[in-house]
Amino acid sequence: MELLGSPLRTPYTQPRSTPTKFLPPIPTASSLQNRFPPSPLPNSFSSPWMPRVTKPTLGPAPRSSQRLTPREALPPISHQTALSTRYTPGDWYRSNLSNYKRSETARHTAECLTADSSRLIQDKYQQTRKTQAESTKNLGQRVNDIMFWKSELRCEQDKMMEETNALTGMKERLERALANTEAPLQVTQECLLHREKRMGIDLVCDDVEKQLFVELDIIRSCQERMRRHLEQAEAQLASNRLAQHDVERDLANKQAAHRIDEQCQQLRNTSTGISYFRGVERVDATISVPESWANFTDKNILRSQSERAASAKLRDSIENLLVLTDKQMQHQFNCVNLAFTQRIAEMADAKRKIQAQLSKTLQEMFHLERSIEAIQKAIRDKGFPLKVAQTRLDKRIRRPKMELCRDPAQLRLVSEVCEINETIQSLQQRLRDSEDVLQRLAHNKSALEHELVVKSTSLFIDQEKCLAMRKTFPSTGRLLGYV
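Right, let's get into the overall build of the chain. On a plain count of helices and strands, the chain comes out with 10 helices and 0 strands. Its helices and strands taken in sequence order, the chain reads α-α-α-α-α-α-α-α-α-α from the N to the C terminus. Across the 483 residues in the chain, those meeting the buried criterion constitute 27%. Long-range pairs, those at least 24 residues apart, make up 89% of the contacts in the chain with a sequence separation of at least 6.

With that out of the way, let us pick up the packing of helix α4 (residues 186–195) against helix α5 (residues 207–266). Between α4 and α5, the shortest axis-to-axis distance is 10 Å and the interhelical angle comes to 150 degrees. When the axis of α4 is compared with that of α5, the two are roughly antiparallel. In terms of crossing hand, the pair formed by α4 and α5 is left-handed. Packed against α4, whose contacting residues are Thr188, Gln189, Cys191, Leu192 and Arg195, the element α5 presents Val208, Glu209, Leu212, Phe213, Glu215, Leu216, Ile219 and Arg220 at the interface. Class assignment of the residues belonging to the contact of α4 with α5 gives a composition of 7 nonpolar, 2 polar and 4 charged.

Turning next to the packing of helix α7 (residues 325–381) against helix α8 (residues 383–396). In the contact formed by α7 and α8, the axes pass within 4 Å of each other and the chain directions differ by 15 degrees. Between α7 and α8, the angle falls in the class roughly parallel. Between α7, through Ile379, Arg380 and Asp381, and α8, the contact on the second element is made entirely by Gly383, Phe384 and Pro385. Considering only residue class, the contact of α7 with α8 consists of 3 nonpolar, 1 polar and 2 charged.

Once that is clear, we can look at the packing of aromatic side chains. A full pass over the atoms with the stated rule returns 2 aromatic pairs. With 4.8 Å between their ring centres and 80 degrees between their planes, tryptophan 92 and tyrosine 93 make a pair best called edge-to-face. For tyrosine 93, a relative accessible area of 25% gives the class partly exposed. Between the aromatic rings of phenylalanine 148 and tryptophan 149, the centroid separation amounts to 5.2 Å while the plane-to-plane angle is 70 degrees, which identifies the pairing as edge-to-face. A relative accessible area of 42% means that phenylalanine 148 is categorised as partly exposed. Note on tryptophan 149: relative accessible area 14%, which makes it buried. For arginine 142, the ring lying beneath its charged end belongs to tryptophan 293, and the centroid distance is 3.7 Å.

This brings us to the side chain of lysine 150. Summarising the element assignment, lysine 150 is placed in helix α3 (residues 89–176). For the buried lysine 150, no salt bridge is present, and the opposite-charge side chain at shortest range is glutamate 262, 7.3 Å distant. When residues no more than four places from it in sequence are discounted, the contact partners of lysine 150 are Leu251, Lys254, Gln255 and His258.

Right, let's talk about the confidence of the model for the chain for a bit. Taken as a whole, the chain shows an average pLDDT of 80; of its residues, 81% reach a score of 70 or greater. Counting contacts from residues 1–71, a segment whose pLDDT is below 50, to residues more than four positions away or on other chains yields 52 contacts.

The next point concerns the pattern of salt bridges. Going through the model one piece at a time under the given rule, you end up with 27 salt bridges. Between lysine 171 and glutamate 175 there is a salt bridge; the shortest N-O distance is 3.0 Å. Linking lysine 171 with glutamate 175, this pair stays in helix α3, spanning 4 residues, or about one helical turn. Residue glutamate 175 is classed as partly exposed on the basis of its relative accessible area of 42%.

This part is about the state of the cysteines. Simply put, the disulfide is a covalent bond whose two ends are the sulfur atoms of two cysteines. A full pass over the atoms with the stated rule returns 0 disulfides. Left without a disulfide partner, cysteine 466 is nearest to the cysteine sulfur of cysteine 191, which lies 4.4 Å away. Residue cysteine 466 is classed as buried on the basis of its relative accessible area of 0%.

Moving on, we come to the environment of aspartate 246. As for its position among the elements, aspartate 246 is in helix α5. Exposure remark for aspartate 246: the relative accessible area of 11% places this residue in the buried category. With 55 residues separating them in the primary sequence, aspartate 246 and isoleucine 301 have C-alpha atoms 9.0 Å apart.

With that settled, consider the side chain of serine 458. Looking at the element boundaries, serine 458 is found in helix α9 (residues 408–469). Among the residues examined, serine 458 registers a relative accessible area of 0% and is labelled buried. A distance of 2.6 Å separates the side chain of serine 458 from the side chain of aspartate 202, its partner in a polar contact. Beyond its immediate sequence surroundings of up to four residues, serine 458 is in contact with Arg198, Asp202 and Met347.

Attention now moves to the environment of leucine 452. Note on placement: leucine 452 falls in helix α9. For leucine 452, a relative accessible area of 18% translates into the label buried. What leucine 452 contacts, discounting residues up to four positions off in sequence, is Lys351, Ile354, Gln355 and Leu358.

Analysis parameters
Residues numbered from 1 in each chain as written. Predicted model: local features only at pLDDT ≥ 70, side-chain atom pairs only at ≥ 80, totals over all residues. Heavy atoms only, no water. Helix = DSSP H or I, 4+ residues; strand = E, 2+ residues; numbered from the N terminus. Buried < 20%, exposed > 50% of the residue type's maximum accessible area, 1.4 Å probe, protein only. Contact = heavy atoms within 4.5 Å. Axes fitted to C-alpha atoms, helices over the stretch in contact; angles between N-to-C directions. Parallel < 35°, antiparallel > 145°, perpendicular 65-115°, else oblique. Left-handed = near helix turned anticlockwise from the far one by under 90°. Nonpolar A, V, L, I, M, F, W, Y, C, P; charged D, E, K, R; others polar. Phe/Tyr/Trp six-rings, centres within 6.5 Å; stacked < 30°, edge-to-face > 60°. Lys NZ or Arg CZ within 6 Å of the ring centre and 35° of its normal. Lys, Arg positive; Asp, Glu negative; His and termini not counted. Salt bridge = Lys/Arg side-chain N within 4 Å of Asp/Glu carboxyl O. pLDDT = per-residue confidence, 0-100. Disulfide = S-S within 2.5 Å. Polar contact = N/O pair within 3.5 Å; in protein donor to acceptor, adjacent residues only side chain to side chain.

Take a look at the structure:
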């Protein structure tokens, strides 16, 4: 199947086969001379393709010519000249056949050229229609793309205006609540001082201490955070206005481009106002490609969305400072109490586990001592089989001459001695390991006894001193900024 607009292979460009004969076969020259006597031709009928002849020799004029006037008399032609200037019938038939072939070839070429011209006209017509349809389709797609980005820009513009108004109201609310952020620090500081009296490994920066420092930082930094959020709100409002300006300018450009492309899409061959603009296709006034065009609007929208998200995040942060200040501090207060409770439970559990470990250690030390005694007995028991095997080898060495055969019994005795030696060495290594473990268990026993004293002291500080102090907290109204 041939595509529209593709070049066609014309029939007259192909090699043409030899046509069949249109005339009967040409007879030979001898037979034609017998059937058709030769007749002389005047010199005026000579053609460029005629055979070259020699100049005839003039002889005496015949008698018939003597009765004519000199003006009417023909030039005398000899018999030799008449025979040399004639063509054969074969030349005549060949000339006719050549004319037929040239005529047929020219006619066939003209027919093929006419058919190919009609086909070319139809193909170019279809190609032109297809190209115009594709251009119209591309313009329609471009219009749809512009409408899509217009809707996105308009939606982003509305959202940005709402966000700017909301941020302005939140900023005013933050300014009124700036003075009501003082909170008591005495309980937190006393808890930190009491926990400094812990002993040994229990003087650790655990979750309770981290939560106490977090609570202390929250209480001390409330006013500073509000002032910082006020500065951020001022800067964010300026960024919101700048991003909104870029979106509005891009939206105005999209509206102008939409009107132009929509008019171009609606133009047809029968539309009014169309005209020739010579050389307009060579004028490249574009400054972007579809990718950069979409990226430009996308960057404006993304920037606006980013600023809007930052503004919303800032409003959430301010809302947390104003509306959730009490909840945040109460939450942190509860987190510290929960951390104390968990730490006390961990401490009590650790104390119980230490007691259990101490009991297990004592029991394991007893079992390990029994195991050491068993290993020592096993080492002693391996001495007799080793003696037997070595004695057998020593006796077999004394066999006479050819009886000193390296038989299976000899090989087995040698491997038996090696196995017993390896067994004794492994048992001795296990004995040394067991003695080392027993020594470590004794050291762990002393450490566990010391840990019991440390855990008891820490449990008393957290449960009896710190947690007993954390029972009251400032009122909610003051922390919310309404008072």
